[in-house]
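Single-letter residue listing:
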Amino acid sequence: MAGNSIVDKLKRYPLALLSLVCWIAIAIVIFLRGDALGNLESKENELSSSLRLVEGNAVSSKDLESQVERLEKDVEAIENRLFKKERRAINTDYLYSFEEDHDILIREVKLSEAEDSNHKKGGPNELKIKSAIVYNVSLTGGYQSFMEYIYSLYKSDAFIRIADLDITGTKNSGTESSLQAKLRILVLSEKE
Amino acid sequence: MSKKKDLQPYWRPNVRIVETLPDIKVVRTDFIINFIAVSLVVITGVYLLQREYRVFALSRSISNLEQQINVSNADNNKNLKLNQRFFEAANYVLELQSFYSAPFRPYHLIAELTQSKPEEMRFTKLSLSESVATKGKTVSFNINIRCEVPDLTVLNSFKSILAESTLLKPEGYTATIVESFQAKNVQTGFFPCSVSVVIKPIDEKSKKDKK
């Protein structure tokens, strides 16, 4: 009896019934395609940001090729000026060669086995691509010659810097007093 | 009989079949159900159409973007390789900078010290050394000068000169100058003395804390 009355009522509203059927069909379609929109939106966002990145790369890479070529030439020049660790005699001879241009006497050039704490692994200025060879140099000479010598160390082809220095003045019988100096110098070299 | 009539005067049998009677309400309400149902379908349908249109538009936009990315991919790969080469080469130069990282060159320092010292002062020993602090990974520079002065005011004026020197106070560093002296050497008439300068990088953390 109750079923009949519902059917009767539905028969009274055919348009509402048709609408209900359509609404259910639409709801099913919306439900089934629910993820599609979200997926497409996220894919579009992803592609948009990729495209922005690609465009940004293109803008930033303007003249990059010529810059890289210039920089690589500089790197090649740096490589050619590095000390090679295995050429110990040549390296030491190079450090003695400064004697020729300056009025100084290099008494000793000694290769130190100790690593420089500034540039070693974990140091404040750690060298990752290259390494530093440590030499202890002792010499004597006049003040002017000594100043020219340490200046020429910095201006030489090899990359040299003075880490520690110790200068003691000694009085000569002549007019100019002489200096005795002990230097701890670092030379940039190829990594082993 | 008359008493019964009085009790139920207006009662009549109801023989109407309600379903078959016409709707005689003054304001008809049946259409509201249809209206609501149709409205719901229309609203949901429009929503669905809108979604489908957005899906269509997004699909078109995605295929456009993919096409654009594909076109620029070759150039982008080339740019990325160039970029990698640039960074590799730049690291070489940066490492060189790191090797020479010191606030001054020794020849500048020696020249500054010898030129700025008072004439009456004599240097007997000069040393410069680097020291690495494991905590905070910093490098400090220690300068030690052993000297002789005929008068202690000369030592004091040298200390003042050093305190004013810009070379001993490079940017990002702080310098501490300490002087000391011994009793006058009666043979030479000079006071043996020493000046110690410690140049340390400013601790960024403590600098911030002070602010």
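Residues numbered from 1 in each chain as written. Chains lettered and ligands numbered in written order. Predicted model: local features only at pLDDT ≥ 70, side-chain atom pairs only at ≥ 80, totals over all residues.

1. Here's the deal with the interface of chain B and chain A
Listed by partner, the interface residues are 57 residues for chain B and 60 residues for chain A. Where the side of chain B that touches chain A is concerned, the elements lending two or more residues are α2 (30-99), α3 (106-116), β1 (122-133) and β2 (138-149) of chain B. Element by element, the count of residues in the side of chain B that touches chain A is highest for α2(B), at 38 residues. Across the side of chain B that touches chain A, the residue classes tally to 30 nonpolar, 17 polar and 10 charged. Alignment of strand β3 (residues 160-170) of chain A against β1(B), held across 4 bridges, turns out to be antiparallel. Opposite Ile167(A), over in β1(B), you have Leu126(B) as the bridge partner. (Contact = placed C-beta atoms within 7 Å. Helix = DSSP H or I, 4+ residues; strand = E, 2+ residues; numbered from the N terminus. Nonpolar A, V, L, I, M, F, W, Y, C, P; charged D, E, K, R; others polar. Pairing = 2+ DSSP bridges.)

2. A closer look at the nonpolar core
Core analysis: the largest hydrophobic core is formed by 47 residues, its most contacted members being Ala132(A), Ile162(A), Ala181(A), Ile185(A) and Val187(A). With 7 residues, the single largest contributor to this core is strand β4 (residues 178-190) of chain A. Every residue in contact with Ala132(A), bar those within four places of it in the chain, is listed here: Asp116(A), His119(A), Leu127(A), Leu186(A), Val187(A), Leu188(A), Ser189(A) and Phe99(B). (Core = buried A, V, L, I, M, F, W, Y, C linked by C-beta atoms within 7 Å. Buried ≥ 20, exposed ≤ 12 C-beta atoms within 10 Å, placed from the backbone.)

3. Quick look at the confidence of the model for chain B
On average, residues of chain B score 87 in pLDDT, and 90% of them are at 70 or above. In the model output, the complex is listed with pTM 0.73 alongside ipTM 0.75. (pLDDT = per-residue confidence, 0-100.)

4. Here we look at the sheet that holds β2(B)
The pairing of strands in a sheet happens through backbone hydrogen bonds and is either parallel or antiparallel. Spatially, 8 strands are ordered β1(A)-β2(A)-β4(A)-β3(A)-β1(B)-β2(B)-β4(B)-β3(B) in an open sheet, and the strand pairing comes out antiparallel. In this open sheet, the two strands that pair with only one neighbour each are β1 (104-112) of chain A together with β3 (173-181) of chain B. Taken pair by pair, the neighbouring strands of this sheet meet at an average axis angle of 20°, ignoring direction. As paired elements, β1(B) and β2(B) share 11 bridges and run antiparallel to each other. Directly across from Leu128(B), in β2(B), lies its bridge partner Ile143(B). Where helix α7 (residues 143-155) of chain A meets the sheet, its contacts fall on β1, β2 (130-142), β3 and β4 of chain A, and the angle it forms with β2(A) comes to roughly 165°. (Axes fitted to C-alpha atoms, helices over the stretch in contact; angles between N-to-C directions.)

5. Things to note about the packing of helix α2 (residues 14-32) of chain A against α2(B)
For any two helices packed against each other, the geometry is given by the interaxial angle and the distance between the axes. Closest axis-to-axis distance for the α2(A)/α2(B) pair is 9 Å, and the angle between their directions is 25°. When the axes of α2(A) and α2(B) are compared, the pair comes out roughly parallel. Where α2(A) crosses over α2(B), the handedness of that crossing is left-handed. Side by side, α2(A) and α2(B) meet where Leu15(A), Ala16(A), Ser19(A), Leu20(A), Cys22(A), Trp23(A), Ile26(A), Ala27(A), Val29(A) and Ile30(A) of the first sit next to Ile33(B), Asn34(B), Ala37(B), Val38(B), Leu40(B), Val41(B), Thr44(B), Gly45(B) and Leu48(B) of the second. Its residues assigned to classes, the contact of α2(A) with α2(B) shows 15 nonpolar, 4 polar and no charged. (Parallel < 35°, antiparallel > 145°, perpendicular 65-115°, else oblique. Left-handed = near helix turned anticlockwise from the far one by under 90°.)

6. Looking at the pairing of β2(A)
All names here are of chain A. Across 8 bridges, the pairing between β1 and β2 is antiparallel. From the neighbouring strand, Ile 104 faces β2, where its bridge partner is Gly 141. Here β2 pairs with β4 via 13 bridges, running antiparallel. Considered in β4, the bridge of Thr 140 is made with Gln 180.

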